[in-house]
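A structural walkthrough
Letter by letter, the chains look like this.
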Amino acid sequence: MAAAAQAATGSVMTARIDTAALIDNARTVAARVAPAQLMAVVKADAYGHSTDIVAPALYAAGLRDFAVATVPEAVALSQLLGPDSGARILCWLFDPAADLTVCTRAGIELGISTPEALEAAIAAGRATGRTQDVHLKLDTGLGRNGLSLSQLDTVIERLRTLAAEPSTAAGAQATTGTATAGTARTAGTAATGTAGTAEPPASAPVRVTGIMTHFANADIPGDPATVDQLHRFDTLYGRLQAELPHALRADDLMVTLANSPAALSLDPVPGSHVRAGISLYGISPFEDKTAAQLGLTPVMTLTSRVLNVKDVPAGHGASYGLTYRCERDTRFALVAGGYGDGLPRIAGNRGDVAIGGRRYPIVGRIAMDQMILDIGPAVDGGQVAIGDEVIIIGDGTTGPSAEEWADWCETINYEIVTCISARVDRIAVGADAASAPGDRARGGDR
Ligand SMILES: *Cc1c(COP(=O)(O)O)cnc(C)c1O
């Protein structure tokens, strides 16, 4: 696994990833949701924290259930954890026109949100002669991905048809590849009648191993939309059990509804598993609750260094557009880090960063690669020197939290950490990293 990790590039800005905090957060969430189990969402390079660091650390701590959004993410994760890891990997966002056999071969499970996606999964199962595991993703109110009621009708009918077909994957390909629902049933009967000459039974092309839905407003505890979605899910789940009694019998059936906010606020937590992302990274999904109040510790510390310190006279401007002019003689400190590293330009003249435990304002526009701080006149800002470490994102005490950045940038903390760009090395620190010999520095480049 370590071999798959990227080498650090030596970037000035680095994201330290505290794997001990990560594992603590995972245990906190797991304890909150028990007896439901934790499925770790590590999409978008583990929300900017580096899947190469996060997934193996969680795996080493005993976690086996992972989710990502896309097929390339799922394939990369499968390769990272290795073919014999025993990990379950689910992804749910893909083009049904794409070749999904890579998923079938790697045992990657697919969230199904359209009849077209189900056909693609069936095609992948048939093309490989194996079974593609699928989770039926139900739209219970979010209106984003997931099966609508009429799409669910089509999917149920298709799965019933499929169950009636001959169970030989190769035979099914030959006899019913282009068959309609009606003739497929006939073909099933015919195959039973000629069992002596049929191929040995093989697995069905698809198997339902999960039912899932996603909440719209779980970050607002008590919101009636969540109650509505829970009711709709129960109704649809009951219907699936009635209409697909065999399909839902898998003993490893995974029923997942809750994202982090639902996992941390609903009582009881619905489903067999929760799909938790942001909470694992020590970031609060709630507007009015901090990570600390939830017992979570931020995993990422984003650091940089002071690359220049200079005296400037009163009236001097800072950065493009000269949108800031200092009122008195002062000192500017130049810090590596800009929107090319994922720091939103809008934070210029709004945000601050920490040096030596003290906050200094970001003045003028944030550029692609660098930003300027007004550190005050020599007597005041004199303790800042070239080479000093700058905490750009910390836990709110060490440096500004992702929530503070989100406020300055009129967005959410999820976006702040996820957008930290590939130019920034991710360096693993923590119990696991400290006990390992040699340089454990790893960079994320995805
Ligand atoms: C991103 C995502 C999650 C994880 O949500 P968090 O709020 O980060 O826990 C769960 N399910 C789906 C479908 C998602 O897209």
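Residues numbered from 1 in each chain as written. Predicted model: local features only at pLDDT ≥ 70, side-chain atom pairs only at ≥ 80, totals over all residues. Heavy atoms only, no water.

As named in an unreviewed UniProt entry, the chain is Alanine racemase, taken from Brevibacterium luteolum. Under the Cofactor (unreviewed entry) heading, UniProt states for the chain: "pyridoxal 5'-phosphate". In its Sequence similarities (unreviewed entry) section, UniProt records this for the chain: "Belongs to the alanine racemase family." (UniProt positions renumbered as here; feature names shortened; annotations may be inferred.)

Our focus in this paragraph is the overall build of the chain. Check the secondary structure of the chain and you find 15 helices and 18 strands. Looking at the 446 residues of the chain, the share that counts as buried comes to 51%. Of all intrachain contacts in the chain linking residues separated by at least 6 positions in sequence, the fraction that spans at least 24 positions is 68%. Total accessible area on the chain stands at roughly 19,100 Å², and carbon and sulfur atoms take up 53% of it. (Helix = DSSP H or I, 4+ residues; strand = E, 2+ residues; numbered from the N terminus. Buried < 20%, exposed > 50% of the residue type's maximum accessible area, 1.4 Å probe, protein only. Contact = heavy atoms within 4.5 Å. Areas by Shrake-Rupley, 256 points an atom, 1.4 Å probe, with all protein chains shown as cover.)

To describe two helices that pack against each other, one gives the angle between their axes and the distance between the axes. Packing of helix H1 (residues 19-33) against helix H3 (residues 51-60) leaves a shortest axis separation of 10 Å and a crossing angle of 55 degrees. Between H1 and H3, the interaxial angle falls into the category oblique. The element H1 and its partner H3 pack so that their crossing is right-handed. Here Thr19, Leu22, Ile23 and Ala26 of H1 lie close against H3, whose contacting residues are Ile53, Val54, Ala57 and Leu58. Its residues assigned to classes, the contact of H1 with H3 shows seven nonpolar, one polar and no charged. (Axes fitted to C-alpha atoms, helices over the stretch in contact; angles between N-to-C directions. Parallel < 35°, antiparallel > 145°, perpendicular 65-115°, else oblique. Left-handed = near helix turned anticlockwise from the far one by under 90°. Nonpolar A, V, L, I, M, F, W, Y, C, P; charged D, E, K, R; others polar.)

Below, the discussion takes up unusual backbone geometry. Pro35 follows Ala34 through a cis peptide bond whose omega is 10 degrees. Within the chain, Tyr47 stands out as a residue other than glycine whose phi angle is a positive 55 degrees. Following the sequence through the fold, Tyr47 ends up in helix H2 (residues 43-48). Although it is not a glycine, Glu410 adopts a positive phi angle of roughly 55 degrees. Secondary-structure assignment places Glu410 in the loop between helix H13 (402-408) and helix H14 (413-418).

The next subject is the site of the ligand. Near the ligand there are 14 residues, and of these Lys43, Tyr47, Ser260, Gly277 and Tyr414 occur at the shortest range. Within the backbone of Ile278, one N or O atom sits 2.9 Å away from an oxygen atom of the ligand. Taking Tyr414, its side chain carries an N or O atom lying 2.7 Å from an oxygen atom of the ligand. Spatially, the ligand is embedded in the largest pocket. For the shell around the ligand, the secondary-structure elements that each account for two or more residues are H2, helix H11 (260-265) and strand S9 (273-276). When its residues are assigned to classes, the shell around the ligand shows seven nonpolar, four polar and three charged. (Near = heavy atom within 4 Å. Polar contact = N/O pair within 3.5 Å; in protein donor to acceptor, adjacent residues only side chain to side chain. 1 Å grid on protein atoms, 1.4 Å probe; cavity = no way out; pocket = protein on both sides within 12 Å on 5 of 7 lines; lining within 4 Å. Sits in = over half its atoms within 2 Å of the grid points.)

Turning our attention to the layout of surface pockets. Quantified by volume, the largest pocket comes out at close to 810 Å³. Forming the boundary of the largest pocket are 35 residues, of which Ile278, Pro285, Ile412, Asn413 and Tyr414 lie nearest the centre. The set of elements that each furnish at least two residues to the lining of the largest pocket consists of H2, H11, S9, H13 and H14. Of the residues in the lining of the largest pocket, the class split is 18 nonpolar, nine polar and eight charged. Per-domain counts for the lining of the largest pocket show at least three residues from each of domain 1 (19-164 + 203-281) and domain 2 (300-429). (Points joined across faces, edges and corners; volume = space filled by probe spheres on them. Domains from an automatic or database assignment.)

The buried count for helix H4 (residues 71-81) comes to eight of eleven residues, which makes it a mostly enclosed element. Turning to H4, its buried residues number three or more, namely Val71, Glu73, Ala74, Val75, Leu77, Ser78, Leu80 and Leu81. Buried residues along H4 sit against H2, H3, strand S3 (65-70), strand S4 (88-93), helix H5 (101-106) and strand S5 (109-112). Positive backbone phi, at 95 degrees, marks Gly82, one or two positions downstream of H4.

Take helix H7 (residues 149-164) next. Here H7 spans 23 Å end to end across 16 residues, near enough to the 22 Å set by a 1.5 Å rise per residue. Listed in full, the buried residues belonging to H7 are Leu152, Val155, Ile156, Arg158, Leu159, Thr161 and Leu162. (Expected span 1.5 Å × (residues − 1).)

Within soluble globular proteins, side chains that are nonpolar tend to cluster in buried spots. Core analysis: the biggest nonpolar cluster contains 120 residues, and Phe66, Leu136, Leu373, Ile392 and Trp405 have the highest contact counts within it. Shared between two domains, this core takes at least three residues from each, and those domains are domain 1 (19-164 + 203-281) and domain 2 (300-429). Counting six residues, the second-largest nonpolar core is a separate cluster that includes Cys326, Phe332, Val363 and Ile372. (Core = buried A, V, L, I, M, F, W, Y, C linked by side-chain atoms within 4.5 Å.)

What follows concerns the packing of aromatic side chains. By the definition in use, this model includes five aromatic pairs. Ring centres 6.2 Å apart and planes at 35 degrees place the aromatic pair Tyr47 and Tyr414 in the tilted group. One end of the pair, Tyr47, is in helix H2; the other, Tyr414, is in helix H14, with 367 residues separating them in the sequence. When its relative accessible area of 7% is taken as the criterion, Tyr47 is described as buried. Using a relative accessible area of 24% as the deciding quantity, one classes Tyr414 as partly exposed. Ring pairs connect the aromatic residues Tyr47, Tyr281 and Tyr414, which therefore count as one cluster. A cation sits over an aromatic face here: Lys289 above Phe286, 5.4 Å from the ring centre. (Phe/Tyr/Trp six-rings, centres within 6.5 Å; stacked < 30°, edge-to-face > 60°. Lys NZ or Arg CZ within 6 Å of the ring centre and 35° of its normal.)

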